[in-house]
Amino acid sequence: MTVTDLAAHLGLAHSTVSRALAGNSRISPETRERVKRAAAELGYVANAGARTLRSGRSGIIGLVLPDIRNEFFAAVAQGLADDCIHQKRQMVLALSSDDPGVEAEVVRSLLESQVEGIVIALSAKPHRETLSLLNQVYCVQFLRHHRALSQPVVTVDAAEGSRMATEHLLSLGHRKIGFVGLPSATMAGAERLAGFHEAFRQAGVEHDADLICIEAAGADAGYSQVAAFLRLPRPPTAIYLSAASFAPGGILALNEAGVRIPDDLSLVVTGSSPWYETWPGGLTSISLPLEEFAHAASAMILKRRHEGPRSVQPFVKLNYQLVVRGSTRAVKP
């Protein structure tokens, strides 16, 4: 079914049908409604490729994530998708698996699809080709960013969030605090570790180097490192899991060891997962402003199209929030 077929069916000129489908105000509301009703009934679908050639706009926004199973990334994807629908755009999701080679391939594919823009959470060490490709299109870097990209950024203050978590545990009298962090080669990992150190420095307290563990994200890492902490001659009285992906495995290790939270050990997790609230007494967390984060990225990528590059703030850094629940308590004397 083409516009020509639709025009013949309705007995209207091709140009009239085209303008009616485009919502042109020069076509009467009655005719526009008649054309759109017939198009729906006959299954007419606009030729997106032809429309892109005419307008230079595909209406497609690319979103590149390392992992959709991560609740934070899933929430950002949902927020951007909702905003794209509202702005009559289409979001296309691509997963990089945090693999620089895969990341380069999906970015190249998105550019070949003539996307209007890309929102991307970069891998720790993106290929030079990826950065070159991204500099050819308007993109928004979120959560993670690279200095070689002259593109806007929306991120969070990872160091401050980590400092808040550690400061909370120190205020409860804990001194042996286990820290499970991301590799320091990543920006987020380095910032979170710096925030942990800063809290101890401000409190004038020495920390135990044996209680700092750096691992790649994942439930397995959370499990193995918390289990390792518990095997120490003097295990920690509190643990801070600085990435949301560490929480399931870390809590499993505590449960298997018969550790009671918070009677035997206080626990702070990261993220905004609904199950943190359903845990008996709730899990104290450093929570991300998910809606604010998603809409900030959406505004950057969508607002620029309507209002131009000067309308977009080049760098937005949001703050974590400490949500105190029942998994932390004062250390036993």
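Residues numbered from 1 in each chain as written. Predicted model: local features only at pLDDT ≥ 70, side-chain atom pairs only at ≥ 80, totals over all residues. Heavy atoms only, no water.

Looking now at a nonpolar patch on the surface. Side chains of Ile 68, Leu 93 and Leu 95 sit close together on the surface and give an oily, nonpolar patch of about 210 Å² of accessible area. Assignment of secondary structure puts Ile 68 in the loop between β1 (60–65) and α5 (71–86). (Patch = residues over 30% accessible without salt bridge, like charges linked within 9 Å, V, L, I, M, F, W, Y side chains within 5 Å. Areas by Shrake-Rupley, 256 points an atom, 1.4 Å probe, with all protein chains shown as cover. Salt bridge = Lys/Arg side-chain N within 4 Å of Asp/Glu carboxyl O. Helix = DSSP H or I, 4+ residues; strand = E, 2+ residues; numbered from the N terminus.)

Now for the sheet that holds strand β9 (residues 266–270). In space, the 6 strands of this open sheet follow the order β7-β6-β8-β9-β10-β12, with mixed pairing throughout. Strand pairing shows two members of the sheet lacking a second neighbour, β7 (212–214) and β12 (321–323), which therefore form its edges. Strand after strand, the sheet turns through a mean of 15 degrees between neighbouring axes, direction not considered. Across 3 bridges, the pairing between β9 and strand β10 (residues 284–287) is parallel. Counted as the bridge partner of Val 269 is Ser 285 from β10. Packing against the sheet, helix α8 (residues 158–171) makes contact with β6 (177–181), β8 (238–241), β9, β10 and β12, and its axis sits at approximately 170 degrees to β8. (Pairing = 2+ DSSP bridges. Axes fitted to C-alpha atoms, helices over the stretch in contact; angles between N-to-C directions. Contact = heavy atoms within 4.5 Å.)

Taken together, the 6 strands give an open sheet; going across it, the order is β2-β1-β3-β4-β5-β11, and neighbouring strands pair in parallel fashion. Whereas interior strands pair on both sides, the edge strands pair on one side only; in this sheet they are β2 (90–95) and β11 (315–318). Adjacent strand axes in the sheet meet at a mean angle of 15 degrees, parallel and antiparallel pairs treated alike. Strand direction decides the pairing type here: β1 and β2, joined by 6 bridges, are parallel. For Ile 60, the partnering residue across the bridge sits in β2 and is Gln 90.

Bringing the confidence of the model for the protein into the picture now. For the protein, per-residue confidence averages 87 on the pLDDT scale, and residues scoring 70 or more make up 92% of the total. Of all the helices and strands in the protein, helix α4 (residues 48–55) carries the lowest mean pLDDT, 45, while β8 carries the highest, 98. Note that pLDDT drops below 50 for residues 48–56; the model gives that stretch 7 contacts with residues more than four away or on any other chain. (pLDDT = per-residue confidence, 0-100.)

For the rest of this paragraph, the subject is helix α1 (residues 3–10). Here α1 has its buried residues at Val 3, Leu 6, Ala 7 and Leu 10. End-on view of α1: buried residues confined to an arc of 100 degrees, all on one side of the axis. Turned more than 90 degrees from where α1 packs its buried face, Ala 8 and His 9 sit exposed. Residues of α1 that are buried sit in contact with α2 (14–21) and α3 (29–42). (Buried < 20%, exposed > 50% of the residue type's maximum accessible area, 1.4 Å probe, protein only. Arc of directions from axis to C-beta.)

This part covers the environment of Val 316. You can see Val 316 is positioned in strand β11. When its relative accessible area of 16% is taken as the criterion, Val 316 is described as buried. The spacing of Val 316 and Phe 142 is 174 residues in sequence and 9.4 Å in space, taken between C-alpha atoms.

Turning to unusual backbone geometry, a few remarks are in order. Looking along the chain, the bond that leaves Ile 261 and enters Pro 262 is cis, with omega of 5 degrees. Within the secondary structure, Pro 262 sits in the loop between α11 (247–256) and β9. Although it is not a glycine, Lys 88 sits at a positive phi angle of roughly 60 degrees.

Moving on, we get to the packing of α8 against helix α9 (residues 187–203). Close contact between α8 and α9 brings their axes to 7 Å; oriented N to C, the two are set at 40 degrees. Between α8 and α9, the angle is such that the two are oblique. In the crossing of α8 with α9, the sense of the turn from one axis to the other is right-handed. Contacts between α8 and α9 pair Ala 158, Ala 159, Ser 162, Arg 163, Thr 166, Glu 167 and Leu 170 from the former with Ala 188, Glu 191, Arg 192, Gly 195, Phe 196, Glu 198, Ala 199, Phe 200, Gln 202 and Ala 203 from the latter. (Parallel < 35°, antiparallel > 145°, perpendicular 65-115°, else oblique. Left-handed = near helix turned anticlockwise from the far one by under 90°.)

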